Amino acid sequence: MSNKRIIVLGGGSAGWLTALLTREFYPEFDITLIESEEIGILGAGEGTVPHFIELIDFLRIPVSALVRECSSTLKIGIKFTNWNGDGTSYFHDFAAKDELEEWVFDDNFRYNMLTTHLIGKGAHLDSVNFYAGLAKQWKVPFVLNDLNDVALSNYRDSISAVQHLGNFALHFDARLLAKYLGHIAQSQRRIKRVEGKFSRVTEDADGNITGIHLENGNYVPCDFIFDCSGFARLLLGKHFNEKWIDYKQHLPLDTALPFFVPHDGTNFPPYTEAIAMKYGWMWRIPVQNRYGCGYVFDSSYIDEHEARREVEEYLGHEINPPKTFRFQAGTFANTIVKNCYGVGLSQHFVEPLEATSIWTFSKNLINFLKSGAITNLTPEVSAHLNERCRLIIEPVPEFLYLHYLTQRNDSPFWQQFRAKTTMMDSLKVKKSLWEKVPLFDADTLPLQMFSAPSWLSVGSGVHFFDKASFARLASQWEHLQLDQKAGFLAKKHEHLSRACMLHGDFLSLLRQKSQPVQ
Ligand SMILES: Cc1cc2nc3c(=O)[nH]c(=O)nc-3n(C[C@H](O)[C@H](O)[C@H](O)COP(=O)(O)OP(=O)(O)OC[C@H]3O[C@@H](n4cnc5c(N)ncnc54)[C@H](O)[C@@H]3O)c2cc1C
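Residues numbered from 1 in each chain as written. Predicted model: local features only at pLDDT ≥ 70, side-chain atom pairs only at ≥ 80, totals over all residues.

Things to note about the nonpolar core
Ranked by internal contacts, the top residues of the largest apolar core, which has 141 residues, are Val 8, Leu 9, Ile 76, Val 140, Leu 181 and Ile 225. Leaving out residues up to four positions away in the same chain, Leu 9 has contacts with Ile 34, Phe 198, Ile 212, Ile 225, Phe 226, Asp 227, Cys 228, Ser 229, Leu 234 and Leu 235. (Core = buried A, V, L, I, M, F, W, Y, C linked by C-beta atoms within 7 Å. Buried ≥ 20, exposed ≤ 12 C-beta atoms within 10 Å, placed from the backbone. Contact = placed C-beta atoms within 7 Å.)

Things to note about the site of the ligand
Taken together, 38 residues lie near the ligand, and Gly 10, Gly 12, Gly 45, Gly 230 and Gly 344 sit nearest. With three residues, helix α1 (residues 13-25) is the single largest residue contributor to the shell around the ligand. Class assignment for the residues of the shell around the ligand results in 19 nonpolar, 16 polar and three charged. Residues from two domains meet in the shell around the ligand; each of domain 1 (5-46 + 173-246 + 328-396) and domain 3 (255-326) gives at least three. (Near = placed C-beta within 6 Å. Helix = DSSP H or I, 4+ residues; strand = E, 2+ residues; numbered from the N terminus. Nonpolar A, V, L, I, M, F, W, Y, C, P; charged D, E, K, R; others polar. Domains from an automatic or database assignment.)

Quick word on the packing of helix α5 (residues 111-121) against helix α15 (residues 452-461)
Where α5 meets α15, the closest approach of the two axes is 11 Å, and the angle between their N-to-C directions is 10°. Our classification of the angle between α5 and α15 gives roughly parallel. Between α5 and α15 lies a crossing of left-handed hand. Residues Tyr 111, Asn 112, Thr 115 and Ile 119 of α5 lie in contact with α15, whose contacting residues are Ala 452, Pro 453, Leu 456 and Ser 460. Class assignment for the residues of the contact of α5 with α15 results in five nonpolar, three polar and no charged. (Axes fitted to C-alpha atoms, helices over the stretch in contact; angles between N-to-C directions. Parallel < 35°, antiparallel > 145°, perpendicular 65-115°, else oblique. Left-handed = near helix turned anticlockwise from the far one by under 90°.)

Remarks on the packing of α5 against helix α16 (residues 467-474)
Interaxial distance between α5 and α16 falls to 7 Å at its minimum, and their mutual angle equals 135°. Taken together, α5 and α16 sit at an angle that is classed as oblique. Remark: the crossing between α5 and α16 carries left-handed chirality. Here α5 contributes Thr 116, His 117, Ile 119, Gly 120 and Lys 121 to the contact with α16, which in turn contributes Lys 467, Phe 470, Ala 471, Leu 473 and Ala 474. Counted by class, the contact of α5 with α16 contains five nonpolar, three polar and two charged residues.

Observations concerning the pairing of strand β1 (residues 5-9)
Most of β1 sits inside the fold, with four of its five residues counted as buried. As judged from the five bridges shared by β1 and strand β2 (residues 30-35), these two strands associate in the parallel manner. When the bridges of β2 are listed, Ile 7 appears paired with Thr 32. A crossover connection joins β1 to the parallel β2 through α1; in handedness this β-α-β unit is right-handed. (Pairing = 2+ DSSP bridges. Right-handed = clockwise from strand over helix to strand, strands pointing away.)

Notes on the sheet that holds β2
Taken together, the six strands give an open sheet; going across it, the order is β9-β2-β1-β13-β22-β21, and neighbouring strands pair in mixed fashion. Across the chains shown, the open sheet's two edge strands, defined by having one partner strand only, are β9 (191-195) and β21 (336-337). Pairing of β2 with β9 involves five bridges; the strand directions are parallel. Pairing of Leu 33 across the sheet is with Arg 193, part of β9.

Concerning the sheet that holds strand β10 (residues 198-203)
Strand order in the open sheet formed by three strands is β10-β11-β12, and the pairing between neighbours is antiparallel. On the outer flanks of this sheet lie β10 and β12 (219-221), each paired with one strand and no other. On average, each strand axis in the sheet is tilted by 20° relative to the strand beside it, whichever way the strands run. Taken together, the five bridges between β10 and strand β11 (residues 209-214) define a ladder with antiparallel strand orientation. Bridge pairing in β11 places Thr 202 opposite Gly 211.

Observations concerning the pairing of strand β13 (residues 224-227)
Neither face of β13 is open: one carries Phe 224 and Phe 226, the other Ile 225 and Asp 227, and all of them are buried. As defined by bridge partners, β1 adjoins β13 across four bridges and the pair is classed as parallel. Paired with Val 8 across the two strands is Phe 226, which belongs to β13. Note that β13 and strand β22 (residues 340-342) share three bridges and pair parallel. Note that in β22 the partner of Asp 227 across the bridge is Gly 342.

Read these as spatial facts, not as claims about activity.
Pasting the structure below:
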């Protein structure tokens, strides 16, 4: 079975990442990616989480090359603006590197104790958040390094002038990313690209797909197929008619109005901004030559014209959205059906908040490729792996739902949100539990995308936690002098951040040091 024939149907970021990851695990496979230039890719989806850096490292793609080729910028977290409707904001960072914690904490004292104490006092967690401090100054957690030269070496990069102080992720131009990954796949990784529109499948007696007919008359045979066809959902949806699990009762947003806004190209924020609007929220993601933006709203209240008017009023200028996307928050019950595995939008999509999609699909896909099941897939193995996928996908909507439990009430959408949606039972349990025992890392399972610091940032940002309960919990740590520690931590962060580089300067350095694509 060493030369199995694999089809990847679709050439968006899901398709090319699938082809490249499959190649890393199976050097002998014959991999063909089918895509239609006329249909094109979605082109939205420009934010990631730190796992993306590990992913491209695993794929032997240097961060600096991606920055150069995909108009990338760094992302150290998400700034949530106006979610309580009061002109304030809170920052959801990528939890600090272990070393950063070691520098400032002793064994008796953990970040979670401090945050429990601060929430109990009604203080803003950004005051002790290193990344929130950097974000205000448009800086990144890198310092010019004259002491040692470790730098980005663990990311296979040649940048030795900087030292890395914390987690980061990337923003990129989604079209450039697909193009760049496609270039690497075809020129360096022996992945074949076939152009054409899907027409129909051929199958064997057990219902396994044996090949794809294209509208241009081509036929591509296969032993295994990845459905990466985006919202078209050609195989899991249209061919297999797999059961769909809807999240609409929790997350009602269903329409996105994307558009671009130019910037001056010199310095820009190292974060995604998520701005609460009257009927949903708007993302603002900086890449090197523009902001990619989009208003995600609930179409049961407004249509795209009203959404556009609200955005123009907020920004103070006209926008030109090329098209509107409709989506349904949800997932197919199974990721694997027969010899077909769904990746990306073709398998599930919740909504753009927190940029969860690439993390979820790549985590599941790597588990699948590692398992070796692609060469020996039985119904029992499929059932086991489908259950693992479910455990990774299912907690995401719960964490996203938390973001909407805010104080904002300036429109029917926000006024009726709690009444018109259902809180997950698991979230009710968490709320009640965390009023009795402090929220620690162990409360979040290893398979979940969001750990305790994320729950604390967002939960306190929207005032989800009961202050009196948190104050009562923190009273057991009075001997730790937490206010003094908070002051010490804020000073330490301020001192460290003075040495950190401006985002724009750091990107210029990365661009200078990277090699152009061959
Ligand atoms: C508004 C919005 C914002 C998002 N933001 C984020 C984010 O910040 N972070 C994140 O991780 N994810 C985000 N996502 C999800 C994101 O889009 C996906 O993670 C990612 O881009 C993968 O897309 P895809 O490859 O699945 O689909 P697409 O990019 O749509 O690719 C589908 C491919 O299938 C091909 N195809 C379709 N039909 C046919 C046919 N009949 N014949 C041949 N080929 C066909 C197309 O040509 C294309 O190549 C967002 C999604 C939306 C809708």
